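A closer look at the structure
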Amino acid sequence: MTETALFRRLARETPRGWSRLRFELDVFRDDVRDRRQRIELTRDGSVRLADWAEGDWVEREPSEDMLEPRLGVPMWDSYHGPSLLAPRELADGFGWSWPGEDPETLPGPLRFKHLAMISSGGRKMLDAVVQPTDDYDPLCPCCPLLDGARGHVQQPPHKPAKRFTVRLDVATGVCVIARPLDRHVGYGHVLRRFEVDP
């Protein structure tokens, strides 16, 4: 199997390989950290959430504590959470399908400019630089993993981003990094202190 096929399969077949996840989520806007959260969640939809504020962690109830029905993963705050836990939009998208077609043989929503297996934090990851095509179709247009991609620019003065760095954890398929490489274009995220209970 090629690394491109493995990347799409990891994104398509998630969620798997975990019962509990713990991580810190850094969300960036235009290359500046917009917020930091500490998140612990289980496959059955239990979510613990803390926000970094004024030099300390402040626990709070998530605005949602439920499973996203199409993906079977927990939600918190927005659809960005389910998208990074089960990044199917990086493999096939959500708004189109080809009945009877093998998804492995169909064009995907990304063109790969670079793709390599790496080790990060003691975990095997697929690291990529990608360019979205017109077929990129996120779970939620308001909070796509590739914010600023063609057709998904949120508001002026943003120009469409042309390239993104994306990293998938091989064991779980979780999208641990998704950020535009073009400066000052939309949101991106990085998971830090990523811990997995099988």
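The structure displayed is predicted, hence computed values, not measured ones.

Side note on empty space enclosed by the protein
With a probe scaled to a water molecule rolled over the atoms, the places where space remains empty come into view. Under the counting rule described, the total for this entry stands at two cavities of 30 Å³ or more. By volume, the largest cavity amounts to about 40 Å³. If you trace the largest cavity, you find it lined by Leu25, Arg35, Gln37, Trp76, Asp77, Ser78, His80 and Gly81. Looking at the lining of the largest cavity, the elements with two or more residues in it are strand 2 (32–42) and helix 2 (80–85). Estimates place the volume of the second largest cavity at around 40 Å³. In terms of lining residues, the second largest cavity is bounded by Phe28, Asp30, Asp31, Arg179, Pro180, Gly186, Tyr187 and Gly188. Breaking the lining of the second largest cavity down by element, the ones donating at least two residues are strand 10 (175–180) and strand 11 (187–197). Across the lining of the second largest cavity, the residue classes break down as three nonpolar, two polar and three charged.

Remarks on the pairing of strand 1 (residues 20–29)
Counting buried positions over the ten residues of strand 1 gives seven, a clear majority of the element. With ten bridges connecting them, strand 1 and strand 2 associate as antiparallel partners. Bridge pairing links Phe28 to Arg33 in strand 2. In sequence, strand 1 turns back onto strand 2 through a hairpin of two residues, with Asp30 there showing a positive phi of about 50 degrees. Note: strand 1 against strand 11, nine bridges, orientation antiparallel. Looking at the pairing, Leu21 lines up with Val196 of strand 11.

Analysis parameters
Residues numbered from 1 in each chain as written. Predicted model: local features only at pLDDT ≥ 70, side-chain atom pairs only at ≥ 80, totals over all residues. Heavy atoms only, no water. 1 Å grid on protein atoms, 1.4 Å probe; cavity = no way out; pocket = protein on both sides within 12 Å on 5 of 7 lines; lining within 4 Å. Points joined across faces, edges and corners; volume = space filled by probe spheres on them. Helix = DSSP H or I, 4+ residues; strand = E, 2+ residues; numbered from the N terminus. Nonpolar A, V, L, I, M, F, W, Y, C, P; charged D, E, K, R; others polar. Buried < 20%, exposed > 50% of the residue type's maximum accessible area, 1.4 Å probe, protein only. Pairing = 2+ DSSP bridges.

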